[in-house]
Amino acid sequence: MDADSSPPGWLLLLAQLPSTPSSARVALWRRLRAIGATSVVNGTWVLPDTAPHRKLFEELQESVRKQHGTGFALIVHVSSPATDEAITERFRADRSQEYDEFAERCTALLDEIRKEAKAGKYTFAEMEESEQDLEKLARWLRKIRTRDFFPDERGRQAADLLARCRGAIEGFSQAVYEAEGMQEPADD
């Protein structure tokens, strides 16, 4: 959100579920985290005000009620720039944690490729495992970016790191084909 834009407006989901079974609270928490909602206080979740988010919060509110809980979905237009910024920073902090973990996993993949290359372990099994890991990372980054409502430099850095992983795997794959005395298949 830049300084010249008007506040986006927020959607709040206030939800209280019975203490047992805990599975209902955990399922709600997981669903909210998966869509990128952030918690502002216990039982209160926020998303930027968009039509898809409104629909989702209405569905979650109904789900909470069906599980004998209390739920309210509210539209809030905050007049305080400080409050808007505080909420935005919560979203950024949540995404920052995800980008940090993503970077750790990418670094681990790069380290693994270097280790296998150093050991001369140029096998199709290693190549396939690395390619699968890369695809998981690519899917994960797409999910993170989908819920990154206030993108900053972290998203670009994550994309650059994924590109480094892709390049390392391409180099490793070429070495596998050479070690096996084969030519790498052409892209379709």
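First things first, this report covers the structure right here in the doc. This structure is a prediction, so every number in the text was calculated from the model and none was measured.

Re the pattern of salt bridges
Point 1. Counted under the stated rule, the structure contains 16 salt bridges.
Point 2. Between Glu-112 and Lys-115 there is a salt bridge, and its shortest N-O distance comes to 3.6 Å. Of this pair, Glu-112 and Lys-115 are both found in helix H3 (residues 81-118), three residues apart, which corresponds to roughly one turn of the helix.
Point 3. For Glu-112, a relative accessible area of 27% gives the class partly exposed.
Point 4. Through salt bridges with shared partners, a single ionic network connects Arg-31, Lys-55 and Glu-59.

Quick notes on the packing of aromatic side chains
Point 1. Throughout the structure, instances matching the rule amount to seven aromatic pairs.
Point 2. Measuring from ring centre to ring centre gives 5.6 Å for Phe-102 and Trp-140, while their planes differ by 70°; the resulting arrangement is edge-to-face. Here Trp-140 lies in helix H4 (residues 124-146) and Phe-102 lies in helix H3, a separation of 38 residues in the sequence.
Point 3. Residue Trp-140 is classed as buried on the basis of its relative accessible area, which comes to 17%.
Point 4. Between Tyr-122 and Phe-172, the aromatic rings sit 5.3 Å apart at their centres with planes inclined by 40°, giving tilted as the arrangement. Of this pair, Tyr-122 sits in the loop between H3 and H4 while Phe-172 sits in helix H5 (residues 153-179), and the two are 50 residues apart along the sequence.
Point 5. An aromatic cluster of at least three residues, connected via ring pairs, comprises Trp-10, Phe-91, Phe-149 and Phe-150.
Point 6. One residue, Arg-65, lies across the ring of Phe-72, its end atom 5.8 Å from the ring centre.

What about the sheet that holds strand E4 (residues 70-76)?
Point 1. Here we have four strands laid out as an open sheet, ordered E2-E3-E1-E4, and antiparallel in their pairing. Only two strands of the sheet have a single partner each, and these edge strands are strand E2 (38-41) and E4. Across this sheet, the average inter-strand angle for adjacent strands is 30°, counted without regard to direction.
Point 2. Sheet topology note: the E2/strand E3 (residues 44-48) ladder contains three bridges and is antiparallel. Bridging from a neighbouring strand, Ser-39 pairs with Trp-45 of E3.

Quick notes on the rules
Residues numbered from 1 in each chain as written. Predicted model: local features only at pLDDT ≥ 70, side-chain atom pairs only at ≥ 80, totals over all residues. Heavy atoms only, no water. Salt bridge = Lys/Arg side-chain N within 4 Å of Asp/Glu carboxyl O. Helix = DSSP H or I, 4+ residues; strand = E, 2+ residues; numbered from the N terminus. Buried < 20%, exposed > 50% of the residue type's maximum accessible area, 1.4 Å probe, protein only. Phe/Tyr/Trp six-rings, centres within 6.5 Å; stacked < 30°, edge-to-face > 60°. Lys NZ or Arg CZ within 6 Å of the ring centre and 35° of its normal. Pairing = 2+ DSSP bridges. Axes fitted to C-alpha atoms, helices over the stretch in contact; angles between N-to-C directions.

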